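# Commentary on secondary and tertiary structure
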Amino acid sequence: MRLIIEQDYDLMSKWAANYVAKRIKEANPTPDKPFKLGCPTGSSPLGLYRELIRKFEAGELSFENVITFNMDEYVNLPEEHPESYHSFMWNNFFSKINIKKENVHILNGNAKDLVKECADYEAAIVAAGGIDLFMGGIGPDGHIAFNEPGSSIASRTRQKTLTTDTIIANCRFFDNNVDLVPKTALTVGVGTVMDAKEVLIMVNGHNKARALQHAVEEGVNHMWTISALQLHPHAIIVCDEAACGELKVDTYKYFKDIEKDNLL
């Protein structure tokens, strides 16, 4: 696992965007061989998305031959709801780049058969040839996507009940009213994310410091699902200084030292 420590959120976002853009351009995707990108929602990736949009607008990057698979979606929240992840992705990213609508995949939390929806999503990823790079963020309790503490490291796409901590964390998007936050969501599994060729996770802020410490310094633990990244052959965590508050001094110095000459 690589740990990239940047001074602040903006620099962290720029590093992540540069890495994603580099991987897409190196793949030189075509209609017959597209690049498959896993996408997160939430506050952590907003800076990354802004940087990728800027690169597209500057003519540095094209998403014409990119296929996306989102991590999750709320259950029983209309797609047109301003806080649905469909709305989030189109408002903050997809509508601002040249991605084809048919290349966008987001779980349908309003499907009549949610079990089938999840199975079909897994099948669609396999049919696409697997995900080349899965981007993501984590919650304060170390959950990746909506794989809350206790989720199996081998889990696949399924419906999950959200913890009180996650509901409280997300209520800021619902007028700070926990009663308005959906209580369940469809989410890719930890195993789904781990199947990607590369995983890049963004961690920012003091409130994520304990989760980062468990991800980097502790063992693999299903109570901190982000720790599964230790088992991935090509995993990167990009964080800001604020998120490093719980790391041992020697751990911090070690990763700063080995990455000091690595621009990407």
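Residues numbered from 1 in each chain as written. Predicted model: local features only at pLDDT ≥ 70, side-chain atom pairs only at ≥ 80, totals over all residues. Heavy atoms only, no water.

### Quick look at the pairing of strand β1 (residues 2-6)
Across the five residues that make up β1, a large majority, four, are buried. Sheet analysis places β1 next to strand β10 (residues 235-240), joined by five bridges and oriented parallel. Following the sheet pairing, Arg 2 is matched in β10 by Ile 236. (Buried < 20%, exposed > 50% of the residue type's maximum accessible area, 1.4 Å probe, protein only. Helix = DSSP H or I, 4+ residues; strand = E, 2+ residues; numbered from the N terminus. Pairing = 2+ DSSP bridges.)

### Topic: the packing of helix α2 (residues 46-57) against helix α3 (residues 85-92)
Two numbers describe how α2 lies on α3: the axes approach to 10 Å, and their chain directions differ by 40°. The orientation of α2 with respect to α3, classified from their angle, is oblique. Seen from α2, the contacting residues are Leu 46, Tyr 49 and Ile 53; seen from α3, they are Phe 88, Met 89 and Asn 92. Tallied by class, the residues present in the contact of α2 with α3 amount to five nonpolar, one polar and no charged. (Axes fitted to C-alpha atoms, helices over the stretch in contact; angles between N-to-C directions. Parallel < 35°, antiparallel > 145°, perpendicular 65-115°, else oblique. Contact = heavy atoms within 4.5 Å. Nonpolar A, V, L, I, M, F, W, Y, C, P; charged D, E, K, R; others polar.)

### What about the sheet that holds strand β7 (residues 158-161)?
Strand order across the open sheet formed by three strands is β4-β8-β7, with antiparallel pairing between neighbours. If you trace the sheet from one side to the other, it starts and ends with β4 (72-74) and β7, each paired once. Across the sheet, the mean angle from the axis of one strand to that of its neighbour is 30°, orientation sign disregarded. Inspection of the sheet shows β4 paired to strand β8 (residues 184-187) by three bridges, in the antiparallel sense. Looking across to β8, one finds that Glu 73 is bridged to Leu 186.

### Points about the state of the cysteines
This model, assessed by the stated rule, comprises zero disulfides. For Cys 118, which is in no disulfide, the shortest distance to another cysteine sulfur is to Cys 39 and amounts to 18 Å. (Disulfide = S-S within 2.5 Å.)

### Focus on the sheet that holds strand β5 (residues 104-105)
Reading across the sheet, the seven strands line up as β1-β10-β9-β6-β2-β3-β5 and stay open at both edges, with parallel pairing between neighbours. A single partner strand is all that each edge strand has here, and the edge strands are β1 and β5. Note that strand β6 (residues 133-137) and strand β9 (residues 198-203) share five bridges and pair parallel. Looking across to β9, one finds that Phe 134 is bridged to Val 199.

### A closer look at unusual backbone geometry
A positive phi is found at Asn 76, a non-glycine position, where the angle reads about 65°. The residue Asn 76 is located in the loop between β4 and α3 in this model. Judged by its relative accessible area of 62%, Asn 76 falls in the exposed class. With a phi angle near 55°, Asp 175 is a residue other than glycine that sits in the positive phi range. The topology assignment puts Asp 175 in the loop between α5 (164-170) and β8. Asp 175 sits in the exposed class, given a relative accessible area of 69%.

### Focus: the environment of Val 203
The residue Val 203 is located in strand β9 in this model. Note on Val 203: relative accessible area 1%, which makes it buried. Separated by 26 residues in sequence, Val 203 and Leu 229 place their C-alpha atoms 13 Å apart. If near-sequence neighbours (up to four positions away) are discounted, Val 203 is found in contact with Met 12, Ile 138, Lys 208, Leu 212, Ile 237, Val 238, Cys 239, Asp 240 and Ala 243.

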